[in-house]
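Observations on chain architecture
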Amino acid sequence: MYSRLLFLTLGTFAVGTDSFVIAGILPEISDSLDVSISTAGLLITVFAFTYAILSPIVAATTAHWPRKRLLLAGLLILAIGNALTAVLPTFGLVLASRAVAGLGAAMFTPTASTTAAALAPPEQRGRALAIVMAGLSGATALGAPIGTVIGSQVNWQATLWFVAVLSVLGAVGIAVQMPDVPSMPPVNLRKRMAPLKDARVGFTLLTTVLVFTGLYTNYSFVAESYDRATDGDGTILAVLLFVWGAGATVGNLGAGRLTDRIPGKRIIAVAIIVAGIDFALMPLSNRYLGTAIVAIFVWGICGWASLVPLQHRLLTISPAHGTLTIGLNAAATYLAVSASGLTGAAGIRLVGVHNLSLFGLGFIVLGLISSGIASRLIKKGEGAPDEAAATAPAMSKS
């Protein structure tokens with residue numbers, strides 16, 4: 001089983017690298033295509049927005065497809081999208097190619113998670129999901145820094161070819177190792193969006209959107225906001241991205257263990273508050289390499305530490321709609337990432353690139369408020385049965 005999951009992990013690693021690496025090579029893209037940094041940031045926005053919008057649509061319209069075919073199609077489209085980004089000559093065409101890559105990501109990542117759960121025995125489904133999703137956190141620690149180094153030492157096009165090769169390797173492994181997995185019954189969009197009627201779900205998803213918009217407002221322009229600490233050196237920037245990814249991995253794994261022991265609302269609140277303090281101090285800490293390392297490590301920890309308990313909160317609110325709400329939370333995350341290109345550009349105009357974290361801080365504070373409202377609604381509704389859960393068949397322990 002685990003050898004099959006490794007190729008799914010390689011696929012999520014390619015998707016994660018594609019998601020995060022553009023921020024590290026944004027100056028090179030800006031110079032090469034003769035557009036401003038703010039305009040180049042739209043490449044991040046289009047990829048993330050396409051992923052967020054198309055994920056539920058793809059899930060609903062391709063539910064009858066064999067899972068293996070959908071996985072292969074997703075990775076191959078991701079590879080084609082990155083190849084087009086590398087060879088197309090004008091910014092408009094390059095921007096369109098990011099939508100193609102986003103479609104591939106939307107096809108692959110949710111399918112990889114459901115396939116991992118289907119391949120694993122019930123008592124090992126959590127472990128199987130963790131292995132596959134480790135590709136995303138691994139991309140922040142390794143994929144994005146490696147791609148940034150490639151971009152600084154060769155050119156930014158080589159970085160996109162790197163992602164394309166990863167995608168093809170994942171597709172080859174899945175084609176050889178992955179057994180046929182039965183297709184899922186179709187789920188229409190109306191049913192998929194039904195949990196949004198629950199205010200507890202709505203405010204939890206709003207928390208995800210606001211917090212991650214704040215966190216990624218700065219990440220989208222990390223090369224510029226930290227240029228005083230890196231002195232414009234792409235290799236040093238890659239080190240900072242590695243530190244951010246290491247923090248993300250620590251935060252993700254640590255929050256996963258803590259969520260089983262203490263109330264998730266405490267973890268969410270602490271993570272958001274510490275992130276807010278970190279962002280408030282960032283105009284000072286991003287001046288020097290030593291303080292920048294500390295700031296970006298804390299940033300990585302807190303960003304990913306909030307994600308696990310937010311997902312756990314959604315599962316607790318509506319167990320029968322767990323698959324749908326987790327999928328919506330993933331879409332909310334990518335909506336935030338897509339918005340960050342625009343909010344980052346607006347923040348640069350209003351407060352300047354080195355103070356960009358202060359602009360992101362506003363979204364983080366709003367996210368803390370939204371999380372508090374969700375917590376109060378959940379407490380108020382404790383003991384009330386979930387209508388869907390009451391009529392749904394019993395779920396497995398996983």
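Numbering of residues begins from 1 in every chain and follows the order in which that chain's sequence is written. Where totals are concerned, whole chains, interfaces and linings use all residues; where local detail is concerned, this predicted model gives features only for residues with pLDDT of at least 70, and gives and counts side-chain atom pairs only at 80 or more. Computation of side-chain values covers all heavy atoms of the structure but excludes hydrogens and water.

Digging into empty space enclosed by the protein
Here a cavity denotes grid points, spaced 1 Å and computed from the protein atoms alone, that fit a 1.4 Å probe unable to get out, and a pocket denotes an open set having protein on both sides within 12 Å along at least 5 of 7 lines; residues with an atom within 4 Å of a point are the lining. Grid points are joined across faces, edges and corners, and a volume is the space filled by probe spheres set on the points. Throughout the structure, instances matching the rule amount to 1 cavity of 30 Å³ or more. Lining the largest cavity, in full, are Asp18, Ser19, Ile22, Leu43, Ile44, Phe47, Ala48, Arg98 and Val337. Secondary structure elements are defined from DSSP: runs of H or I of at least 4 residues count as helices, runs of E of at least 2 residues count as strands, and each element is numbered from the N terminus. Looking at the lining of the largest cavity element by element, the count peaks at 4 residues for helix α4 (residues 42–61).

A few points about a nonpolar patch on the surface
Exposure above 30% relative accessible area and the lack of any salt bridge qualify a residue for a patch; like charges then connect within 9 Å, and the nonpolar side chains Val, Leu, Ile, Met, Phe, Trp and Tyr within 5 Å. Reported accessibility uses the Shrake-Rupley method at a 1.4 Å probe radius. Residues are deemed covered only where the shown protein chains occlude them. A pair is scored as a salt bridge if a Lys or Arg side-chain nitrogen falls within 4 Å of a carboxyl oxygen belonging to Asp or Glu. Side chains of Phe49, Ile53, Ile57 and Leu335 sit close together on the surface and give an oily, nonpolar patch of about 310 Å² of accessible area. No other element matches α4, which puts 3 residues into the nonpolar patch. Along the chain, Leu335 falls in helix α17 (residues 322–351).

Re unusual backbone geometry
Positive phi, close to 60 degrees, is recorded for Asp34, a residue that is not glycine. As for its position among the elements, Asp34 is in the loop between α2 (26–33) and α3 (37–40). Of note, the phi angle at Asp231 is positive, near 55 degrees, even though the residue is not glycine. Relative to the elements of secondary structure, Asp231 occurs in the loop between α12 (227–230) and α13 (234–259).

Details of the nonpolar core
Counting residues in each nonpolar core, the largest one holds 78 residues, and the members touching the most others are Leu8, Ile22, Leu215, Tyr216, Tyr219, Tyr226 and Trp299. In terms of residue count, the dominant contributor to this core is helix α1 (residues 2–24) (9 residues). Ignoring anything within four residues of it in the chain, the contact list for Ile22 reads Ile29, Leu43, Ile44, Arg98 and Leu160. Nonpolar cores were defined as sets of buried Ala, Val, Leu, Ile, Met, Phe, Trp, Tyr and Cys residues, with membership established by side-chain atoms within 4.5 Å. Only protein chains enter the accessibility calculation, which uses a 1.4 Å probe; a residue is then buried when its area is under 20% of its type maximum, exposed when over 50%, and partly exposed in between. Between two residues, a contact is recorded if the distance between any of their heavy atoms is within 4.5 Å.

Taken by themselves, the reported measurements are silent on function.
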